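# A look at the structure
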Amino acid sequence: MRIFLDNAATTPLDPDVLSAMTDVMANNYGNPSSIHAEGRKARSLIESARKTVATALNCSIGEIFFTSGGTEANNMALKNAVRDLGVRRIISSPLEHHCVLHSLDSIREAGTAQVEMVKIDARGHVDLEDLKQRLAQSEAKTLVSLMHANNEIGNLLSLEDVSKICADAGAMFHCDTVQTMGFYPIDLNATRINFLSGSAHKFHGPKGVGFIYINSDNIIKPYLDGGAQERNMRGGTENIYGIVGLAAALEKSYANLAERSATIRDVRDYLKHELAAKYPDVKFNGDPDRSHYKLLSTSFPYSDKGTMLLMNLDLAGISASGGSACSSGIDVGSHVVGHLNPDSQRHTVRFSLNHHNTRAEVDTVVRKLAEMR
Ligand SMILES: Cc1ncc(COP(=O)(O)O)c(C=O)c1O
């Protein structure tokens, strides 16, 4: 049996979600835009999924739009805010996911908005005083784009604090909640956020489907031109079974939140304790005391053997990662860990857990690591 500790990259599909999806695949082939019975049935599945997501986040159904995942949702928030809402300045952080950073690069290159990076403190948290000062410095319409939990080190942002800072300054707030959706309660009625993104495969749903929440005050134009799907915002026949799977996975994540989070927290704390006890030279990247409970980013001193650490873990049946899942398959090092420790030659291993992981698995990992460093 393999030990899967790479759940920030993706999570295994929940069997109940799989069966909800296969039921749709087998029995509902209608096009949701058709007016006949098959089409109406497909439409009702999508609208019921939208209601599930809106209920989980305490927002209105008209504020949820399904997308192909977190990448599309983040691209949409940033690019549409500039194109349609008159945003001329974006404040973000160098530790964001590449889909945010690269969207910002293309906005910067197009010259349509100015992009600034907020200061990051030594532990990898956003310096909120610096954010306040930057917001006070300009009258330009500004969007703040900051992630809720970092996908590499896990550091958490206070949604309440940042949404208040933005509201006080009259700025808009986009939050990449891809890593926290389904793991932390999010109440959009109580917290003022303009755009928020989610991705099903991070909470035991299918890959290739996600959503964006767009606060109803923000009227934007279509992201994908085409038919009138997603209330004219994103043309293209909907990924019905993906959307049904997303909603089923999100509903189940929140229904089991207390139990799942307690299990993950316990195993993660045990991992941290055992690593520190057995390997006194281990360091924890970021701020494990204020980070996502599923994530532990570690670093080990440089050694020749250590350059093969991830591969050796894999050969030993243990899946972990060096930072973010790398789209090219080549580990070029993490821009997040690199930003925090620019001169470090240490080997980074990101462990990220799900509720199926156990203390016994941790014992195996800690034991096997001894031969690989
Ligand atoms: C923080 C964060 N944002 C966005 C994404 C992209 O999501 P998706 O894989 O659904 O495009 C990821 C996935 O790795 C992520 O961790």
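A quick note: this is a predicted structure, and the numbers were derived from the prediction, not measured.

## Observations regarding the overall build of the protein
From N to C terminus, the protein includes twelve helices and twelve strands. What you see for the protein is a C-alpha radius of gyration of 21 Å, in line with the 21 Å of a compact globule of 373 residues. Counting every position in the protein, which comprises 373 residues, the buried fraction comes to 55%. For the protein, contacts bridging at least 24 residues in sequence account for 74% of all contacts bridging at least 6. Total accessible area computed for the protein in this model is approximately 16,200 Å², and 52% of it derives from carbon and sulfur atoms. Between the averaged position of the 39 positive side-chain charges in the protein and that of its 43 negative side-chain charges there is a distance of 1 Å.

## A few points about the layout of surface pockets
Space inside the second largest pocket adds up to approximately 560 Å³. Along the walls of the second largest pocket sit 26 residues, with Ser299, Val337, Arg346, His347 and Thr348 positioned nearest its centre. Where the lining of the second largest pocket is concerned, the elements lending two or more residues are β9 (283–284), α10 (309–315), α11 (335–340) and β12 (347–352). Residue classes in the lining of the second largest pocket are distributed as eight nonpolar, 14 polar and four charged.

## Brief notes about the domain arrangement of the protein
Each assigned domain of the protein is listed here: domain 1 (3–11 + 257–369) and domain 2 (15–255). The gap between the C-alpha centroids of domain 1 and domain 2 is 27 Å. Each partner contributes residues to the interface: domain 1 has 30 residues there, and domain 2 has 35 residues. Interface of domain 1 and domain 2: buried area, both sides summed, is about 2,700 Å²; carbon and sulfur atoms make up 51% of it. Among the residues of domain 1 in contact with domain 2, Thr11, Leu257 and His335 are the three that bury the most area, contributing 23% of the side total. Here domain 1 and domain 2 share one salt bridge between them. Among the salt bridges present, the one from aspartate 287 reaches arginine 123, with a minimum N-O distance of 3.8 Å.

## A short note on the side chain of asparagine 75
Among the structural elements, asparagine 75 can be located in helix α3 (residues 70–85). Separated by 2.7 Å, the side chains of asparagine 75 and lysine 79 make a polar contact. In contact with asparagine 75, not counting residues within four places along its chain, are Asn80, Cys99, Ser103 and Tyr223.

## Some details on the environment of alanine 81
The residue alanine 81 is located in helix α3 in this model. Remark: the alpha-carbon pair of alanine 81 and histidine 174, spanning 93 residues in sequence, is separated by 9.5 Å. Here alanine 81 is in contact with Met76, Gly86, Val87, Leu143 and Phe195, once residues within four sequence places are set aside.

## Re the pattern of salt bridges
Between side chains of opposite charge, a pair can form as their charged atoms come close. Evaluation of the coordinates by the stated rule reveals 21 salt bridges. With a shortest N-O distance of 3.1 Å, glutamate 129 and lysine 132 are connected by a salt bridge. Here glutamate 129 pairs with lysine 132, and both are found in helix α5 (residues 128–137), just three residues apart, close to one helical turn. Owing to a relative accessible area of 46%, glutamate 129 belongs among the partly exposed residues under this scheme. A network of salt bridges, in which partner residues are shared, links Arg43, Glu47, Arg50, Glu230 and Glu238.

## As for the sheet that holds strand β6 (residues 172–176)
The strand order β2-β8-β7-β6-β5-β3-β4 describes an open sheet built from seven strands, whose pairing is mixed. Each edge of the sheet is formed by a strand with only one pairing partner; in this case those strands are β2 (64–67) and β4 (114–117). For this sheet, the mean angle separating the axes of adjacent strands, direction not counted, is 20 degrees. Here four bridges tie β2 to strand β8 (residues 210–214), and the two strands are oriented antiparallel to one another. What sits directly across from phenylalanine 66, in β8, is phenylalanine 211.

## Some points on a nonpolar patch on the surface
Taken together, Met308, Met311 and Leu315 make up a surface patch of nonpolar side chains, about 320 Å² in accessible area. The topology assignment puts methionine 308 in the loop between β10 (295–300) and α10.

## Points about unusual backbone geometry
For asparagine 58, which is not glycine, the phi torsion reads 55 degrees and is therefore positive. Among the structural elements, asparagine 58 can be located in the loop between α2 (37–57) and β2. Despite not being glycine, asparagine 232 shows a phi value in the positive range, around 75 degrees. Locating asparagine 232 in the fold gives a position in helix α7 (residues 229–232). In this structure asparagine 232 comes out as partly exposed when scored by relative accessible area, which is 44%.

## What about the site of the ligand?
In the vicinity of the ligand, 14 residues are found, and the nearest of them are Gly70, Thr71, Asp176, Ser199 and Lys202. In this structure, threonine 71 approaches the ligand through a side-chain N or O atom, which is 2.6 Å from an oxygen atom. Isolated, the ligand exposes 390 Å² of accessible area, and the fraction of that covered by the protein chains is 85%. Of the residues forming the shell around the ligand, the biggest block, three residues, is contributed by α3. Of the residues that constitute the shell around the ligand, the class distribution is three nonpolar, nine polar and two charged.

What counts, and at which threshold
- Residues numbered from 1 in each chain as written.
- Predicted model: local features only at pLDDT ≥ 70, side-chain atom pairs only at ≥ 80, totals over all residues.
- Heavy atoms only, no water.
- Helix = DSSP H or I, 4+ residues; strand = E, 2+ residues; numbered from the N terminus.
- Rg over C-alpha atoms; globule rule 2.2 N^0.38 Å.
- Buried < 20%, exposed > 50% of the residue type's maximum accessible area, 1.4 Å probe, protein only.
- Contact = heavy atoms within 4.5 Å.
- Areas by Shrake-Rupley, 256 points an atom, 1.4 Å probe, with all protein chains shown as cover.
- Lys, Arg positive; Asp, Glu negative; His and termini not counted.
- Charge placed at Lys NZ, Arg CZ, Asp CG, Glu CD.
- 1 Å grid on protein atoms, 1.4 Å probe; cavity = no way out; pocket = protein on both sides within 12 Å on 5 of 7 lines; lining within 4 Å.
- Points joined across faces, edges and corners; volume = space filled by probe spheres on them.
- Nonpolar A, V, L, I, M, F, W, Y, C, P; charged D, E, K, R; others polar.
- Domains from an automatic or database assignment.
- Buried area = accessible area lost by both parts, 1.4 Å probe.
- Salt bridge = Lys/Arg side-chain N within 4 Å of Asp/Glu carboxyl O.
- Polar contact = N/O pair within 3.5 Å; in protein donor to acceptor, adjacent residues only side chain to side chain.
- Pairing = 2+ DSSP bridges.
- Axes fitted to C-alpha atoms, helices over the stretch in contact; angles between N-to-C directions.
- Patch = residues over 30% accessible without salt bridge, like charges linked within 9 Å, V, L, I, M, F, W, Y side chains within 5 Å.
- Near = heavy atom within 4 Å.

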